[in-house]
Amino acid sequence: MTEPILVNVTEEIVHGLVRFLLFGPEYQTFCHCEKCEMEIAAYTLNRLPSNYVSTAEAREEVYNKLNNPIYISLLNKEIIRAIYAVGKSQNHS
Ligand SMILES: [Zn+2]
């Protein structure tokens, strides 16, 4: 038996995608600080159903299920919306 865990697999995937998009060539003009990065992830995750798991085996299984082109492109769409929303409301220097 492996140690029990509590992980939202959607959150794990979104974290990676936010980083990838934000640091990619298309969004260079947006703020890249940790505060904005976390805000973009939070904004995105509040609009998506969570996928919590409590074992490493389930995490692996759900991750493999979610990691498909259709779901990733849906996530990317939400993240891009979040990048613009956070960029617009940003009030720090
Ligand atoms: Zn920032």
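In the nomenclature of an unreviewed UniProt entry, the protein chain corresponds to Competence protein ComFB from the organism Ureibacillus massiliensis 4400831 = CIP 108448 = CCUG 49529.

(A) Quick peek at the side chain of Glu-37. Mapped onto the fold, Glu-37 is located in helix H2 (residues 34-45). Glu-37 sits in the buried class, given a relative accessible area of 4%. Filtering out sequence-adjacent residues up to four positions away, Glu-37 remains in contact with Val-18, Arg-19, Leu-22 and Phe-23.

(B) Focus on helix H1 (residues 9-22). Over its 14 residues, H1 extends 20 Å from the first C-alpha to the last, a length consistent with the 20 Å expected when each residue adds 1.5 Å. The complete set of buried residues in H1 reads Val-9, Thr-10, Ile-13, Val-14, Leu-17, Val-18, Leu-21 and Leu-22. Looking straight down H1, one finds its buried side chains confined to an arc of 165°; they lie on one side. If you follow the buried residues of H1, they end up packed against strand E1 (7-8), H2, strand E2 (52-53), helix H3 (56-66) and helix H4 (69-89). Two or three places before Thr-10, at the start of H1, stands the capping residue Asn-8, its side-chain oxygen 3.1 Å from that residue's backbone nitrogen.

(C) Structural view of H4. Its 21 residues give H4 an end-to-end C-alpha distance of 30 Å, which sits within 8% of 30 Å, the value for a rise of 1.5 Å per residue. Buried residues of H4: Tyr-71, Ile-72, Leu-75, Glu-78, Ile-79, Ala-82, Ile-83 and Val-86, and no others. Angular distribution of buried residues about the axis of H4 spans 155°; they occupy a single face of the element. Those residues of H4 that are exposed and aimed more than 90 degrees away from the buried face are Pro-69, Ile-70, Lys-77 and Lys-88. Taken together, the buried residues of H4 touch H1, H2 and H3. With a side-chain oxygen lying 3.1 Å from the backbone nitrogen of Ile-70, the N-terminal cap of H4 falls on Asn-68.

(D) Seen up close, the nonpolar core. Membership of the largest hydrophobic core comes to 25 residues, with the highest contact counts inside it found for Ile-13, Val-14, Ile-40, Leu-75, Ile-79 and Ile-83. Of all the secondary-structure elements, those providing two or more residues to this core are H1, H2, H3 and H4. When residues no more than four places from it in sequence are discounted, the contact partners of Val-14 are Ala-41, Thr-44, Leu-45, Leu-48, Leu-75 and Ile-79.

(E) Molecular detail of the environment of Gln-90. Along the chain, the position of Gln-90 falls in the segment after H4. For the pair formed by Gln-90 and Glu-39, sequence separation is 51 residues and the distance between their alpha carbons is 10.0 Å. Excluding its chain neighbours within four sequence positions, the residues that come into contact with Gln-90 are Cys-31 and Cys-36.

Reading the values: the criteria
- Residues numbered from 1 in each chain as written.
- Predicted model: local features only at pLDDT ≥ 70, side-chain atom pairs only at ≥ 80, totals over all residues.
- Heavy atoms only, no water.
- Helix = DSSP H or I, 4+ residues; strand = E, 2+ residues; numbered from the N terminus.
- Buried < 20%, exposed > 50% of the residue type's maximum accessible area, 1.4 Å probe, protein only.
- Contact = heavy atoms within 4.5 Å.
- Expected span 1.5 Å × (residues − 1).
- Arc of directions from axis to C-beta.
- Polar contact = N/O pair within 3.5 Å; in protein donor to acceptor, adjacent residues only side chain to side chain.
- Core = buried A, V, L, I, M, F, W, Y, C linked by side-chain atoms within 4.5 Å.

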